[in-house]
Amino acid sequence: MLPALLPSEPVFLPVQARYAGGAGPGAREGEHAITANNRWSRVQLTFRHLPAGAWCCLEARLAWAAEEEGGQALDFALVGFDFLAADGSSLDVEHVPGLARTLLDPHSAWIAGPACQPAGSELVRAAPVRVAFGVPPQARGLALTLRSWRNTQSVTIAEPRLRPGAALAAGAFRPRRLGPYPEPLRHGLVPGVGLVVRGQIHAARPDEHAARVSLVYRDRDGAEIPPPYPGTVSVPGLGANPGLEAKPGLEAKPGLGAAINLPAQPQARRFTLDLEPPPGATSLELGFCTWEEEGEALPAVELLGPPEVALEDRFRLESLCGDDLLDAPGFLARLSARLGRDPGAEAAWIPGPGEAGAAPLPLARARSFRAEAERPVVLRSEGGLTLRLAGCPDWPLPEAPDFREDPFRGAPSRAIPWRLAYHSLTWLLALAEAAPARALALAQAWSQANPWGQPSDPLSLHPGALPARAEVWIGLLALPGAGAAAPVLTGEAVRHGFALAEIVGQNTFGQSLHQLQAAAALLALARALPRLPLAAHWDGLARESLREGVPALLPEDGRFAESSLHRRLDLVTLGRALRDSLGEAAPGPLVAARTEAALSNLAGLLDPGGRLPPFGEVFAGTDDAGWIARLRGGAGLVAQRPAVQAAAASSTLRPDGLSARHETAGRGWAHFACTFAGTSPQGHADCTSYVYAAGAIRWIVEAGGSEQVETGAARHFLLSSRAHNVAVIEGREPVAGGGVHRGSLALPGATAHAIETSVHGPGCRHRRVFVLPHDLSGLAVIDRFTSAEGGPLTFWAFAHLAPGTLVAIEGPRRVQARQGGRRLGLVPFAIAGRVSGLETVIGRGDRPGTMQGFVVGRPGLLEPACTLRYAVSGRGTACGGLLMAVDGPAEDSLARVLAREELGRFVMEF
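Each chain carries its own residue numbering, running from 1 in the direction its sequence is written. Since the coordinates come from a predicted model, pLDDT governs what is reported: local features require at least 70, and pairs of side-chain atoms require 80 or more to be given and counted, while whole-chain, interface and lining totals use all residues. Side-chain metrics in this entry use all non-hydrogen atoms of the structure; hydrogen atoms and water are not considered.

If you look the chain up in an unreviewed UniProt entry, it shows as Heparinase II/III-like C-terminal domain-containing protein from Methylobacterium frigidaeris. UniProt positions are given in the numbering used here, feature names are shortened, and annotations may be inferred rather than shown by experiment. According to UniProt, the comment filed for the chain under the heading Subcellular location (unreviewed entry) is "Cell envelope".

As structure tokens, then:
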């Protein structure tokens, strides 16, 4: 049977329900029926009086029909979140913890299909729905929309309610409070083309004059063009110029230049500024600020996200292309005509090989740091080409490809990364070194086969391919023999630049690596096309995006938005590649400083075998130590480590993780690492997961998270708690949240560390304690769950053993693991309650919701491996864990530590 929802007080119930698209009330009170009508069938529930600045959890029950055919879908149904201010106006918040940014609703979360639900749900055709999210500090209400998506039959949602949880961590929402001195945003202009700036402000109370935006236009020499400007007002003697920062002893200019009023009626007010630059203007400085000056009572007014910046609508990519399938030179000609230039004027925009070659290619530079001397394309003796992409088997390229090729369509885990790599065209840069004419011919063939609006493969527009391909056009333009192909290459570069500018200007991918990659590629295009009228505009967009995104993704306090260490390494690699491109101009110094700090942190997390702890997304088959060494300019980190002569131990505590290592001559190294980073909507449920190695043998591993597994049941499994060494309440997946280190306890020969988490939702408190002997000859992991309601409580915990490990259950309370002539004993135990189950699982794959006993082996592929599962049951509180040790003396020593009273108090206290 499915477990009952764990209640807690207070509970927020919907105050209003609205239906559309065929949805309606269900057969019982509190039930809502949603028909199979993709996107349109929906129920909207309104909630009031939410706890601002706290975690909240949506709880409901999903039920489906026996005839349902969409059970395998990971996007079976959609939950949309529209947060409301006190007066009911919608808040356009840039980022909400636990939710994903979407177009249909401001923020969303997917509900997986029936086959992906926990064991037992298939018997009753119902499963619990739980979505945790952070409530923005400005929010007082919520319009929650439950939509049909992949369901083929009607489904019902019963008893939806919101339960408040713990307070959010500081910095969960980035404050953008406006004051009298604005921080200027600098943007380049396209001569004769207007600029559109969009955003939203929120005021604590409605106000017709809540804030203002100040403007200063400058000419090509940087001199200010005096106002008045079209559509603005000038108020002499008030405020400060947007380019003037408040500094002690610095006198303000007598006027604010020009300003546009920003009302906040209602409280959350969206604004659109249609700016018409004066003649001769080449750049613009924008500053958002209050009308009040320093010393006056300042109202509580803030921007809810970075302003979106775009060219006027007639210069949007969709408008330029229209319904025509333009080739690349045709696109250049249309752009030239739209700018009012004479026919053929676009030829002046084509760069010479020297100009294109002088532009740094940060994404290509980042790829060279990531892997040594890759050969993605091989020129065969008879003249044919063989591609080696995304870790897939060699594939012979047809003599005349139509770019619809999908040689691995039968294996999605290979097909998707291969298609992305294929359409990124980065392999053409490698081919150009040996056969430049062939590379240019293939580039032109791709362009002809992919007119904008009708791609040969929709994945070619994926953010994993688009920015990289934009750099390829520049690299090919730098070839001495590119002359005849230059119009096509330039047209594609410009067309890709428009697409990237819209991604960057609209902050499409928010705080993510994709957004920074788009900005980096746009910066490269602006450098390579110096005579293009849009070059300065693109350069400004890219720099502002990097100035905004790098601090969010590489924060000073070490609390990264990205939980995966390998993803952090990718971010650092891009930052290192950008350092040379940006130089000393802003935001170059910022990027360099944040990159260097994060790189030092990652270098310190390498285990003695040269790997980063494999939490979150993992790049299978990479040499982490070599990668980091290349970033630091060294030959290798592991090889440089001196031989260990005596026992050496160290440990590191980070804001979102813990690691320890021990090295002894003749005994081999030992290593432990755990993560308690915050979880994201598309991320891994790995908060408090850990890995352990002893005697230079990796014993406890992660199932993996290869970036090459992007879809299907395998992806669902790798993201779930079942693929990680965590503990979960029976029948319930963890929700969004994170962990906090609650202290350490020194013990004889060991140290205990306590982690408190919020990933099990309101109504349940969870603490995980790791007991680490100083020599790491073993470890103990202890979990304590406490239910707010009391009653029966059972949790399961997992430990994934490395592939090739032989495992034997020697009794109801003991497991023996053997590998490489060494052994590891594993013993589950209870402190409060009883051990109520012990089993090993290898290769269970009957349905996505119960998959277990797999790890990522070769890139993109799962292979069976043993997973140990143990359960602890209690009433009100269940507390227990797993002891593991490499030999009998180590086990006895650790058992004595676990019996100490001070450890019992440390585990049981909250």
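(A) Representation of the overall build of the chain in the model. Along its length, the chain carries 19 helices and 42 strands. For the radius of gyration, the atoms used are the C-alpha atoms, and the globule rule reads 2.2 Å times the number of residues raised to 0.38. For the chain, whose C-alpha radius of gyration is 29 Å, the value lies close to the compact-globule estimate of 29 Å for 910 residues. By principal-axis analysis of the C-alpha atoms, the chain measures approximately 85 × 70 × 65 Å. The buried share of the chain, reckoned over its 910 residues, is 58%. Helical segments are the DSSP runs of H or I of at least four residues, strand segments are the runs of E of at least two, and each set is numbered from the N terminus. Buried means the residue's accessible area, taken with a 1.4 Å probe over protein chains only, is under 20% of the maximum for its type, while exposed means over 50%, and partly exposed covers the values in between.

(B) Spotlight on the sheet that holds strand β8 (residues 107–111). By definition, two strands form a pair when at least two bridges between them are found by DSSP. The six strands are arranged β1-β4-β10-β6-β8-β7 in an open sheet whose pairing can be described as antiparallel. Lying at the two open borders of the sheet, with one neighbouring strand each, are β1 (16–20) and β7 (100–101).

(C) Structural context of the pairing of strand β30 (residues 739–747). Pairing analysis gives eight bridges linking β30 to strand β31 (residues 750–757), with the strands arranged antiparallel. The partner of Ser744 across the bridge, within β31, is His753. The antiparallel pairing of β30 with β31 creates a hairpin that spans two residues between the two strands, and Gly749 there sits at a positive phi of about 75°.

(D) Layout of unusual backbone geometry. In this structure, Pro228 follows Pro227 across a cis peptide bond, with omega equal to 15°. Secondary-structure assignment places Pro228 in the loop between β15 (224–225) and β16 (258–264). The residue Arg125 is not glycine, and still its phi comes out positive at about 55°. Residue position: Arg125 is located in the loop between α1 (121–124) and β9 (126–134). The exposure class of Arg125 is partly exposed, given its relative accessible area of 38%. Located in the positive-phi region is Thr688, a residue other than glycine, with phi close to 80°. Mapped onto the secondary structure, Thr688 falls in the loop between β26 (668–675) and β27 (690–694). For Thr688, a relative accessible area of 2% puts it in the buried group.

(E) Summary view of the sheet that holds strand β5 (residues 54–64). The strand order across the open sheet built from five strands is β2-β3-β11-β5-β9, with neighbouring strands paired in antiparallel fashion. Only two strands of the sheet have a single neighbouring strand rather than two, namely β2 (24–25) and β9. Sheet topology places β5 next to strand β11 (residues 155–167); nine bridges connect them, and they run antiparallel. Paired with Cys57 across the strands is Arg163, a residue of β11.

(F) Structural view of the pairing of strand β25 (residues 657–664). By the criterion of burial, β25 is predominantly enclosed, with seven of the eight residues buried. Where β25 meets β26, eight bridges bridge the pair, whose relative direction is antiparallel. Bridge assignment links Ser659 to a residue of β26, and that residue is Ala673. The turn linking β25 back onto β26 is made up of three residues, and Gly666 within it adopts a positive phi angle of 85°.

(G) How the structure looks around the pattern of salt bridges. Throughout this description, the term salt bridge denotes a Lys or Arg side-chain nitrogen within 4 Å of a carboxyl oxygen of Asp or Glu. This structure, assessed with the given rule, holds 40 salt bridges. As a salt-bridge pair, Asp92 and Arg101 come within 2.7 Å of each other at their nearest N and O atoms. When its relative accessible area of 24% is taken as the criterion, Asp92 is described as partly exposed. For Arg101, a relative accessible area of 41% puts it in the partly exposed group. In this structure, Asp457 and Arg419 form a salt bridge, with 2.8 Å as the shortest nitrogen-oxygen distance. Here Asp457, found in the loop between α8 (436–449) and α9 (466–477), pairs with Arg419, found in helix α6 (residues 412–424); they are 38 residues apart in sequence, far enough to count as distant. Both residues of the pair, Asp457 and Arg419, belong to the buried class. Salt bridges sharing partners connect three or more residues here, namely Glu94, Arg174, Arg176 and Glu548.

(H) Fine view of the side chain of Thr386. Relative to the helices and strands, Thr386 resides in strand β22 (residues 385–387). Side-chain atoms alone can form a polar contact between residues adjacent in sequence; in general such a contact is a pair of N or O atoms within 3.5 Å, and within protein one must be able to donate a hydrogen while the other accepts it. Side chain to side chain, Thr386 and Arg380 meet in a polar contact 2.8 Å long. Those residues in contact with Thr386, other than ones at most four positions away along the chain, are Pro376, Val377, Val378, Arg380, Asp394, Trp395 and Pro396. What makes two residues a contact is simply this: any of their non-hydrogen atoms within 4.5 Å.

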